[in-house]
Amino acid sequence: MAKLLGKKGSKRQKTALKYNIQKRVREHRRRVRKEAKKAGSKRPQKKDPGIPNSWPFKAQMLESLERQKKAKEQELEKRRQEARSKAKEEQKQREQERQQVIAEREAQKAAKRKQQVEKNKKERGRASASSAAAGASGASTGGKGDADADMDDDEDDEDDEGEEEEEDDDME
C-alpha cells in the first residue's frame, strides 16, 4: 500500500538564498575556530612515525632525540622557576611599597592630628582668656557666670587629656 503523506515540496531554492546560507555557515565556522583558538584547544598533532628498524645508527639517533627532549624539559623547568622567583620578588616589592604608602599616610594623619590639637589648645587658650576677662566683669555683676565658666574649663581640660592619650596610643 502506498503511504498517504501528500505531495513533497521541491528542493529547489533561489540562488541568492543558497549563497546566503553558505555565507552564514562559513562565518559560523570561522567564529568557532577563532573561539577554539582563544580557548587554547589545539588540534591533535599527528603521531611521529618514528625511526624505521632498517635505519643505520638507530640507537644513536634515539639517544640524541632523548637528550634533546630532556634538555627541552630542563629549559622549560628553568624558565618556570625564574618566572616564579620573579613573581615572588615583584610581590614582595609591591608589599613593601604598600607598607611605605601606609606608613606615610599614618605619618600625615599624625601630623594633622598634632596640628589640630595645637589649634584646639590655642583656641581654648583664647577662650579661657576671654572667659577670664568675662569672669572679672561677671564678678562685679554677681559672680554667677564665673562658676559656669569654671565648669566649662574643667570639661575642656578633661577632653584635652583624652585627646593626648589617644595621640600617644596612635604613635605607638
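Rules and cut-offs
- Residues numbered from 1 in each chain as written.
- Predicted model: local features only at pLDDT ≥ 70, side-chain atom pairs only at ≥ 80, totals over all residues.
- Heavy atoms only, no water.
- Helix = DSSP H or I, 4+ residues; strand = E, 2+ residues; numbered from the N terminus.
- Buried < 20%, exposed > 50% of the residue type's maximum accessible area, 1.4 Å probe, protein only.
- Areas by Shrake-Rupley, 256 points an atom, 1.4 Å probe, with all protein chains shown as cover.
- pLDDT = per-residue confidence, 0-100.
- Patch = residues over 30% accessible without salt bridge, like charges linked within 9 Å, V, L, I, M, F, W, Y side chains within 5 Å.
- Salt bridge = Lys/Arg side-chain N within 4 Å of Asp/Glu carboxyl O.
- Expected span 1.5 Å × (residues − 1).

## Here's the deal with the overall build of the protein chain
Argument step 1. Broken down by element type, the protein chain carries three helices and zero strands.
Argument step 2. Going residue by residue from the N terminus, the α and β elements of the protein chain occur as α-α-α.
Argument step 3. Here the protein chain holds 172 residues, and 6% of them are scored as buried.
Argument step 4. Counting every atom, the protein chain has about 16,800 Å² of accessible surface; 50% of that belongs to carbon and sulfur.

## Let's talk about the confidence of the model for the protein chain
Argument step 1. For the protein chain, the mean per-residue pLDDT works out to 81, and 76% of the residues sit at or above 70.
Argument step 2. When mean pLDDT is taken per element in the protein chain, helix 1 (residues 15-39) scores highest with 95 and helix 3 (residues 144-171) scores lowest with 52.

## Details of a nonpolar patch on the surface
Argument step 1. A surface patch of nonpolar side chains, about 370 Å² in accessible area, is lined by Trp-55, Met-61, Leu-62 and Leu-65.
Argument step 2. Under the relative-accessibility criterion, Trp-55 is labelled partly exposed at 44%.

## Here's the deal with helix 1
Argument step 1. Between its terminal C-alpha atoms helix 1 stretches 36 Å, which fits the 36 Å expected from 25 residues at 1.5 Å a residue.
Argument step 2. Positive backbone phi, approximately 95°, marks Gly-40, located one or two places after helix 1.

## Quick word on the pattern of salt bridges
Argument step 1. Counting across every chain of the model gives five salt bridges.
Argument step 2. Note that Arg-79 is salt-bridged to Glu-75, the shortest N-O span being 3.6 Å. Of the two residues, Arg-79 and Glu-75 both sit in helix 2 (residues 58-141), four residues apart, roughly one turn of that helix.
Argument step 3. Classification of Arg-79 by relative accessible area gives exposed; the value is 53%.
Argument step 4. A cluster of three or more residues bridged by salt bridges with shared partners is formed by Glu-77, Arg-80 and Arg-84.

## Quick look at unusual backbone geometry
Leaving glycine aside, a negative phi is the common case for residues, and trans is the common case for peptide bonds.
Argument step 1. A positive phi is found at Phe-57, a non-glycine position, where the angle reads about 60°.
Argument step 2. Residue position: Phe-57 is located in the loop between helix 1 and helix 2.

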